[in-house]
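# Geometric and topological summary
Now for the letters of each chain:
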Amino acid sequence: MKIFKLIFKNVLRHPLRTLLTFLGIAIVTFAFGFIRTAISAWYAGVEASAQNRMVTLNATSLMFPLPLAYREKIAQISGVQSVGIGNWFGAYYKDPKDFFANFAVDDKYLEMYSEFVLPPEQLAAYEQERNACIIGRKLANRFGWKLGDIVQLTGTIYYGQWDFVIRGIYDGANATTDETAFLFHWEYVNERLKQESPELADYIGWFVIQIANGVNPVAVGEAIDANFKNSPAETKTDTERAFNLSFISMAGTIMTAMEIISIVVVLIILLVLANTMAMTARERMSEYAVLKTLGFRPFHLVSLIGGESLLIALGGFAVGLGMLFYIFKNFAVVITKLSNGFFGIFNLTNNTIALTFASALLVGVVAAIFPAWRAVRMRIADGLHRIA
Amino acid sequence: MANSIVEVRNVAKSYRRGSMKIPVLENITLDVPAGEFMALMGPSGSGKSTLLNLIAGIDRPDSGSIIVANDDVTKLSESRMANWRSRHIGFVFQFYNLIPVLTAYENVELPLLLTKLSKKERNEHVKTALGVVSLGDRMKHYPKQLSGGQQQRVAIARAIVADPTLIVADEPTGDLDKVSATEILTLLERLNHEFKKSIILVTHDQRAADKAHTVRHLDKGELV
């Protein structure tokens with residue numbers, strides 16, 4: 001028999017108590033992992049930002065457009081390799097609650113986003129058709145769309161019904177790539193606007209700029225913005241990362257609240273496990289006294305108490321992690337749907353797993369500190385007196 | 001005294017209760033020859049268990065010296081004291097103090113986990129010890145599946161399994177019926193006789209004391 005066997009037997013000594021604590025840790029692990037994943041999903045756009053891409057938008061607000069004519073001027077600025085255009089379309093499919101991001105873009109835009117992996121024949125088909133669109137794999141799965149399907153969107157900014165033919169379904173080059181976007185030709189939108197709402201035509205939402213390697217993005221951004229200083233539509237140019245950060249900062253308070261909640265749930269389970277371990281140690285003081293009498297050292301007692309605490313904490317973590325994997329594998333589409341597309345990228349990342357593991361480890365260690373300290377400090381004679 | 005396994009010299013021990021100092025033992029001097037079976041008797045609160053704890057190295061005196069198996073236990077650090085206890089002392093408690101989640105075999109094996117013995121060697125020692133206390137057929141039983149007398153025999157097997165220099169027993173029959181108590185006393189007597197183990201027994205029971213070679217009485221912290 002080794003110490004580990006005694007630890008294992010001690011864990012099973014009060015099956016109901018252990019089971020409840022174990023389940024508590026499993027549920028908290030699940031909740032913690034889920035919240036952290038949601039936070040990661042929210043910041044996924046930032047993680048996916050390319051180093052050599054910049055975004056120019058109206059200095060007043062993202063809500064205000066920029067003249068298309070700026071494109072040529074930006075393209076001439078030193079360090080700029082390519083300029084693409086993007087426009088938030090804000091349409092919905094059937095039900096306004098069925099939210100997903102839909103953008104009008106030009107071909108340069110797609111060239112720059114190499115993380116959208118699309119078979120060449122699909123890209124060619126898209127480029128040849130005026131009202132073609134490209135959608136992400138997760139979006140296709142969510143609505144059951146396939147190549148050739150005609151999708152009718154209802155505009156909320158650009159009113160009316162807009163028909164698109166799906167000619168491409170892209171996959172993300174990595175886990176942080178958004179696979180829920182709906183992209184189509186800006187020209188298609190612009191041509192119709194010229195006829196139906198000419199005042200909106202030839203305006204775009206933002207420019208995406210690819211800069212050459214080794215070029216200082218700050219200098220390029222300053223050069224672009226200086227170019228349009230004192231014009232009717234002044235610009236604000238930033239790296240894509242900064243742009244995405246400013247975009248998501250609108251929900252910064254919610255994210256902060258979620259981060260606090262994730263820490264609070266860990267603290268709560270820490271108290272629960274600490275209470276369990278304190279009760280356990282108190283009940284076993286006489287046994288610890290006997291072990292000490294037999295010659296067991298303080299580190300043996302610390303191993304026994306700490307081992308039991310860690311076994312419960314890490315066992316609960318393993319079950320909670322299993323629940324996370326199961327849910328994410330089987331219900332990712334449901335989560336996206338339930339969140340109205342809010343969480344398009346819902347992947348359990350290694351960082352989240354590591355953070356959850358570290359939390360469980362911390363809970364297991366901290367919960368054992370006080371009971372182990374008491375057991376080590378206890379005088380043998382005092383411990384033996386607890387028997388009678 | 002020559003050939004003493006235990007030499008207690010001018011030992012005093014007191015406890016604090018709040019601001020009050022309560023003397024428990026005063027100026028105790030005692031010798032226990034090797035191979036002795038000594039009974040310590042006295043009324044409750046006379047200090048006999050405290051003296052036993054001091055001799056066994058699980059408590060420390062305020063003053064005086066205690067030499068057991070040629071080691072002055074009052075001068076050992078906590079760590080060395082633990083190691084010393086595991087090598088020299090076998091304990092038998094009034095309430096058996098077995099670990100409830102371990103079988104009789106595993107309880108007896110506990111002291112051997114601190115040694116460098118192989119699993120096979122531990123197995124031999126445990127079986128021998130359980131054989132000595134006639135519980136070879138109860139190895140896989142948990143304490144709750146054993147009677148009080150059987151549990152105390154397992155405790156004795158645990159006390160002797162590492163072949164200690166001295167066995168100390170604190171009221172080992174105090175929680176047992178008459179028949180079981182007689183069995184335990186006979187067993188202790190056999191350990192002393194047959195296996196030449198030195199034993200110090202703390203007891204209230206005159207029948208238990210009658211089994212000992214010598215009986216010392218403690219009263220109000222002094223040997224009388």
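All of these numbers come straight from a predicted model, not from anything done at the bench. (Residues numbered from 1 in each chain as written. Chains lettered and ligands numbered in written order. Predicted model: local features only at pLDDT ≥ 70, side-chain atom pairs only at ≥ 80, totals over all residues.)

### Notes on the overall build of chain B
Each helix and strand in chain B was counted, giving seven helices and 10 strands. By the compact-globule yardstick of 17 Å for 224 residues, chain B fits well, its C-alpha radius of gyration being 17 Å. Based on the C-alpha atoms only, the size of chain B along its principal axes is roughly 50 × 40 × 40 Å. Taking all 224 residues of chain B together, the buried fraction comes to 50%. Contacts in chain B between residues far apart in sequence, at least 24 positions, make up 70% of those at least 6 positions apart. (Helix = DSSP H or I, 4+ residues; strand = E, 2+ residues; numbered from the N terminus. Rg over C-alpha atoms; globule rule 2.2 N^0.38 Å. Buried ≥ 20, exposed ≤ 12 C-beta atoms within 10 Å, placed from the backbone. Contact = placed C-beta atoms within 7 Å.)

### Comments concerning the interface of chain B and chain A
Contacts between the two partners involve 20 residues from chain B and, on the opposite side, 18 residues from chain A. Looking at the side of chain B that touches chain A, the elements that each hand over two or more residues are helix 2 (78–88) and helix 3 (104–109) of chain B. Looking at the side of chain B that touches chain A element by element, the count peaks at five residues for helix 2 of chain B. By residue class, the composition of the side of chain B that touches chain A is 11 nonpolar, five polar and four charged. (Nonpolar A, V, L, I, M, F, W, Y, C, P; charged D, E, K, R; others polar.)

### Points about the sheet that holds strand 9 (residues 214–219) of chain B
Residues and elements named next belong to chain B. Ordered by their spatial adjacency, six strands build an open sheet running 6-7-8-3-9-10, and the pairing between neighbours is mixed. Two strands close off the open sheet at either side, each with one partner strand: strand 6 (89–92) and strand 10 (222–223). Where strand 9 lies against strand 10, two bridges are found, and the strand directions are antiparallel. Of the residues in strand 10, the one forming a bridge with leucine 218 is leucine 223. (Pairing = 2+ DSSP bridges.)

### Regarding helix 5 (residues 148–160) of chain B
Residues and elements named next belong to chain B. If you check helix 5, its first and last C-alpha atoms are 19 Å apart, about what 13 residues at 1.5 Å a residue would give, namely 18 Å. Where burial is concerned, most of helix 5 is hidden: 12 out of the 13 residues are buried. Among the structural elements, strand 6, helix 3, helix 4 (119–132), strand 7 (166–170) and helix 6 (178–195) are those in contact with the buried residues of helix 5. (Expected span 1.5 Å × (residues − 1).)

### Examining the environment of proline 217 of chain A
Residue and element names in this part refer to chain A. Mapped onto the elements, proline 217 comes out in helix 9 (residues 217–227). The sequence separation of proline 217 and isoleucine 39 amounts to 178 residues, and the corresponding C-alpha distance is 28 Å. Residues in contact with proline 217, not counting those within four places in the same chain, are Met54, Ile211 and Thr239.

### Notes on unusual backbone geometry
Not every positive phi belongs to a glycine, and asparagine 230 of chain A is a case in point at roughly 65°. Tracing the sequence through the fold places asparagine 230 of chain A in the loop between helix 9 and strand 12 (235–239). At lysine 220 of chain B, a position not held by glycine, the phi torsion is positive, near 50°.

### A closer look at the sheet that holds strand 2 (residues 20–33) of chain B
Strand pairing in a sheet takes place through backbone hydrogen bonds and is either antiparallel or parallel in direction. Residues and elements named next belong to chain B. Overall, antiparallel pairing links the four strands, which are arranged 2-1-4-5 in an open sheet. Two strands close off the open sheet at either side, each with one partner strand: strand 2 and strand 5 (71–72). Judged from the two bridges that link them, strand 4 (residues 63–68) and strand 5 form a sheet pairing that is antiparallel. Considered in strand 5, the bridge of isoleucine 67 is made with aspartate 72. Packing against the sheet, helix 1 (residues 48–56) makes contact with strand 1 (4–17), strand 2 and strand 4, and its axis sits at approximately 120° to strand 1. (Axes fitted to C-alpha atoms, helices over the stretch in contact; angles between N-to-C directions.)

### A short note on the confidence of the model for chain B
Put simply, chain B has an average pLDDT of 92, and 99% of its residues get 70 or more. Predicted complex, confidence summary: ipTM 0.92, pTM 0.72. (pLDDT = per-residue confidence, 0-100.)

### Considerations on the domain arrangement of chain A
Domain boundaries in chain A define domain 1 (3–44 + 251–385) and domain 2 (65–232). Distance between the C-alpha centres of domain 1 of chain A and domain 2 of chain A: 46 Å. (Domains from an automatic or database assignment.)

### What to know about the pairing of strand 2 of chain B
All names here are of chain B. Two strands pair when backbone bridges link them, and strand 1 and strand 2 are joined in this way by 10 bridges, in the antiparallel orientation. Among the inter-strand pairings, tyrosine 15 is bridged to a residue of strand 2, identified as isoleucine 22. Remark: two residues form the turn of the hairpin made by strand 1 and strand 2, two consecutive strands paired antiparallel; glycine 18 in that turn has positive phi of roughly 65°.

### A closer look at the nonpolar core
Counting 110 residues, the largest nonpolar core has Ile25 of chain A together with Leu40, Ile55, Ala157, Val168, Ile200 and Leu201 of chain B as the members making the most contacts within it. Grouped together as the second largest cluster of nonpolar side chains are 46 residues, Ala104, Cys133, Phe182 and Phe228 of chain A included. (Core = buried A, V, L, I, M, F, W, Y, C linked by C-beta atoms within 7 Å.)

### Thoughts on the packing of helix 5 of chain B against helix 6 of chain B
Residue and element names in this part refer to chain B. For the pair helix 5 and helix 6, interaxial distance at closest approach is 9 Å and the crossing angle is 20°. Relative to helix 6, the element helix 5 is oriented roughly parallel. Both helix 5 and helix 6 take part in a crossing whose hand is right-handed. Counted together, Gly148, Gly149, Gln152, Arg153, Ile156 and Ile160 of helix 5 and Ser180, Glu183, Ile184, Leu187 and Leu191 of helix 6 form the full contact between these two elements. (Parallel < 35°, antiparallel > 145°, perpendicular 65-115°, else oblique. Left-handed = near helix turned anticlockwise from the far one by under 90°.)

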